[in-house]
Amino acid sequence: MKEPLRLRDETASALERALLDVGASYRSPASARAKTLGALGLAGSATLLAGATQAAPISAFAKLTWTKLLATISVVGVAAAVPVGYYAWHRHAAAAHVATAHMPVAPAQAVDPPAPAEEPAGSGPAAPPAPALAAPARVGTGVHLARLDRPAAHPSSVTLAHELSSIDAARAMLARGDAEEALVRLDAYTRGYPQGRLELEAEVLRIDALDQSGRTNLARERAEAFLRRHPRSVLAARVRARLGD
Amino acid sequence: MTSAAVYEVPPADRGLSVSRDPAREREARLRRLVDGHIDFVARVLRNSGTPQAEVDDEVQRTFIVAARRLDDVRIGAEKSFLFRIALNLAAHARRTLARRREVSADQAPEQIERFATPEALTDQKRMRELLDRVLDQMEEPLRATFVLHEFEEMSTSEIAELLGIPRGTVASRLRRARIEFRERVGAIEALGKAERET
């Protein structure tokens, strides 16, 4: 049987060609890949973060703005930086007070948000709720300032990029063998993003960190709780493997 | 609350000490699935009638469904598997859209008339809308064959394997789909020409 030519190659109609080109040229944006991997619980790779930030020029803009602020402070000198620093500290202290008053207490057990891999239809993965506060609790002042300067509502891809960096930071600590610091970062992530899309990933890392730090019983308890809550999650297989089922 | 307070002091025993390989392999496979086929899935969804605004969400749903059943998918059959999921989701999205807008296929000729001017033909967005309307009038089996051959550049053998039908059926569907496509595009061109002459 002879293989037919593509219509695109044999048509004389400009309109037909144009329509066929439109149909063939459709591509998924980089942000869609990042969101898809995030929804599957496969977040955390450098490429994923790159994909998210490519689609988030505002994030780059925010970094640029912060860089400029630092440069300005260094030019003006210590005399100027001191009052600026005090002002920033004061703002942070005030905001932290407000945040503490409104923020839910960090739970002793894992937060159990809807599993992205289990409830995709209604959740509208492209539009996560913006966190009220979204920064690690135990990091440098610069992060706090960046947090305060961040607008209340983020584009989805920007929020995802921030979530990814938090998870990546925890993963890096764990890879370095610093399980305690990884746990601190993971707790900060859960506090900062109470409905974060990567909470399942965070919980799996938390289980790893607890195990690595020697709190094996607690790790096992949390792993079993994870499997009870999310038996069909993409990450369940990984947790089961950790448990040795 | 500090981490130390949340996670109590550990017992001495360490390590869950199990192999991570199966889980890691699964994750790697899933990641390859996304990287290798995300454009294909997005194109199939879009060219099968999923509204532009919903394509990203449907892409995610496609891979989420695939992830749940990944262990049942034999190596090498991933594309076919994704295609079927995407096709089902696109059909669902189309039905939802049709209910929402109460669009009927026989409205198309009047609605596409405005696209036929030379200015409009240069407009990608309008071209996309025009293509949607042309494809929307095709029966589903013809449309799927047309999309796979003309947009995905798959051979009739590949399409036959993907759809699980004989190659002769693919060729027959493709012929009919092309005839319908050309008739509709020809009608649009004729309308545009008549409009320009009056």
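Residues numbered from 1 in each chain as written. Chains lettered and ligands numbered in written order. Predicted model: local features only at pLDDT ≥ 70, side-chain atom pairs only at ≥ 80, totals over all residues. Heavy atoms only, no water.

Got a minute to help me understand the overall build of chain A in this structure?
Looking only at helices and strands, chain A has 13 helices and zero strands in total. Starting at the N terminus, the α and β elements of chain A follow one another as α-α-α-α-α-α-α-α-α-α-α-α-α. Expressed as a percentage of its 245 residues, the buried residues of chain A come to 49%. The contacts of chain A with a sequence gap of at least 6 include a subset with a gap of at least 24, amounting to 64%. (Helix = DSSP H or I, 4+ residues; strand = E, 2+ residues; numbered from the N terminus. Buried < 20%, exposed > 50% of the residue type's maximum accessible area, 1.4 Å probe, protein only. Contact = heavy atoms within 4.5 Å.)

Would you mind going over the overall build of chain B with me for this structure?
Scanning chain B from terminus to terminus reveals 10 helices and zero strands. Put simply, chain B runs from its N terminus to its C terminus through helices and strands in the order α-α-α-α-α-α-α-α-α-α. Burial analysis of chain B (198 residues in total) assigns 48% to the buried set. Of the contacts made within chain B by residues no fewer than 6 positions apart, 67% connect residues no fewer than 24 positions apart. When the accessible surface of chain B is split by element, carbon and sulfur atoms take 50% of a total near 10200 Å². (Areas by Shrake-Rupley, 256 points an atom, 1.4 Å probe, with all protein chains shown as cover.)

Can you help me understand the pattern of salt bridges in this one?
Two side chains bearing opposite charge may form a pair once their charged atoms approach each other closely. All names here are of chain A. A full pass over the atoms with the stated rule returns 24 salt bridges over all chains. Residue Arg-206 is joined to Asp-187 by a salt bridge in which the shortest nitrogen-to-oxygen separation is 3.6 Å. You can see Arg-206 sitting in helix α11 (residues 199-212) and its partner Asp-187 sitting in helix α10 (residues 179-192), a full 19 residues away along the chain. Of the two residues, Arg-206 and Asp-187, neither departs from the other in class, the shared state being buried. For Arg-206, the salt bridge is made with Glu-203, and the minimal N-O distance between the two is 2.7 Å. (Salt bridge = Lys/Arg side-chain N within 4 Å of Asp/Glu carboxyl O.)

I tried to follow the side chain of Asn-47 of chain B on my own but got confused; where do I start?
Considering the arrangement of structural elements, one finds Asn-47 of chain B in helix α2 (residues 21-47). The exposure class of Asn-47 of chain B is buried, given its relative accessible area of 0%. There is a polar contact of 2.8 Å between the side chain of Asn-47 of chain B and the side chain of Arg-128 of chain B. Setting aside residues no more than four positions away along its own chain, Asn-47 of chain B makes contact with Gly-23 of chain A together with Arg-128, Leu-131, Leu-135, Arg-143, Val-147 and Phe-151 of chain B. (Polar contact = N/O pair within 3.5 Å; in protein donor to acceptor, adjacent residues only side chain to side chain.)

What exactly am I supposed to notice about the packing of aromatic side chains here?
Centre distance and the angle of the planes are the two values used to describe a pair of aromatic rings. All names here are of chain B. Within the structure shown, the criterion is met by four aromatic pairs over all chains. Consider the rings of Phe-146 and Phe-181, whose centres lie 4.9 Å apart with planes at 35°: the pair is tilted. Here Phe-146 is found in helix α8 (residues 140-151), whereas its partner Phe-181 is found in helix α10 (residues 167-197), with 35 residues between them in sequence. Of the residues examined, Phe-146 reaches a relative accessible area of 0% and is grouped as buried. Chaining the aromatic ring pairs together yields one cluster made of Phe-146, Phe-151 and Phe-181. The ring of Phe-40 carries Lys-79 above its face, with NZ or CZ at 4.7 Å from the centroid. (Phe/Tyr/Trp six-rings, centres within 6.5 Å; stacked < 30°, edge-to-face > 60°. Lys NZ or Arg CZ within 6 Å of the ring centre and 35° of its normal.)

What is the right way to look at the nonpolar core in this model?
Proteins that are soluble and globular tend to have nonpolar side chains buried together. Formed by 40 residues in total, the largest nonpolar core has its most connected members in Leu-40 of chain A together with Val-41, Val-59, Phe-63, Phe-83 and Leu-148 of chain B. Among the secondary structure elements, those contributing two or more residues to this core are α3 (30-39) of chain A together with α2, α3 (55-68), α4 (78-101), α8 and α9 (156-163) of chain B. Top contributing element to this core by residue count: α2 of chain B, with nine residues. The residue makeup of this core includes at least three contributed by each of domain 1 (22-103) and domain 2 (105-198) of chain B. Dropping the residues within four chain positions of it, Phe-83 of chain B is found in contact with Phe-40, Val-44, Ala-144, Leu-148, Leu-162 and Leu-163 of chain B. Residues Leu-205, Phe-226, Val-239 and Leu-243 of chain A belong to the second largest nonpolar core, which totals 28 residues. (Core = buried A, V, L, I, M, F, W, Y, C linked by side-chain atoms within 4.5 Å. Domains from an automatic or database assignment.)

How should the packing of helix α2 (residues 14-24) of chain A against helix α7 (residues 124-136) of chain B be read in this particular structure?
To describe two helices that pack against each other, one gives the angle between their axes and the distance between the axes. Between α2 of chain A and α7 of chain B, the least distance of the axes is 9 Å, while the angle of their chain directions is 90°. Accordingly, the angle class assigned to the pair α2 of chain A and α7 of chain B is roughly perpendicular. Mapping the contact onto sequence places Leu-15, Ala-18, Leu-19, Val-22 and Gly-23 of chain A in α2 of chain A and Gln-124, Met-127, Arg-128, Leu-130 and Leu-131 of chain B in α7 of chain B. By residue class, the composition of the contact of α2 of chain A with α7 of chain B is seven nonpolar, two polar and one charged. (Axes fitted to C-alpha atoms, helices over the stretch in contact; angles between N-to-C directions. Parallel < 35°, antiparallel > 145°, perpendicular 65-115°, else oblique. Nonpolar A, V, L, I, M, F, W, Y, C, P; charged D, E, K, R; others polar.)

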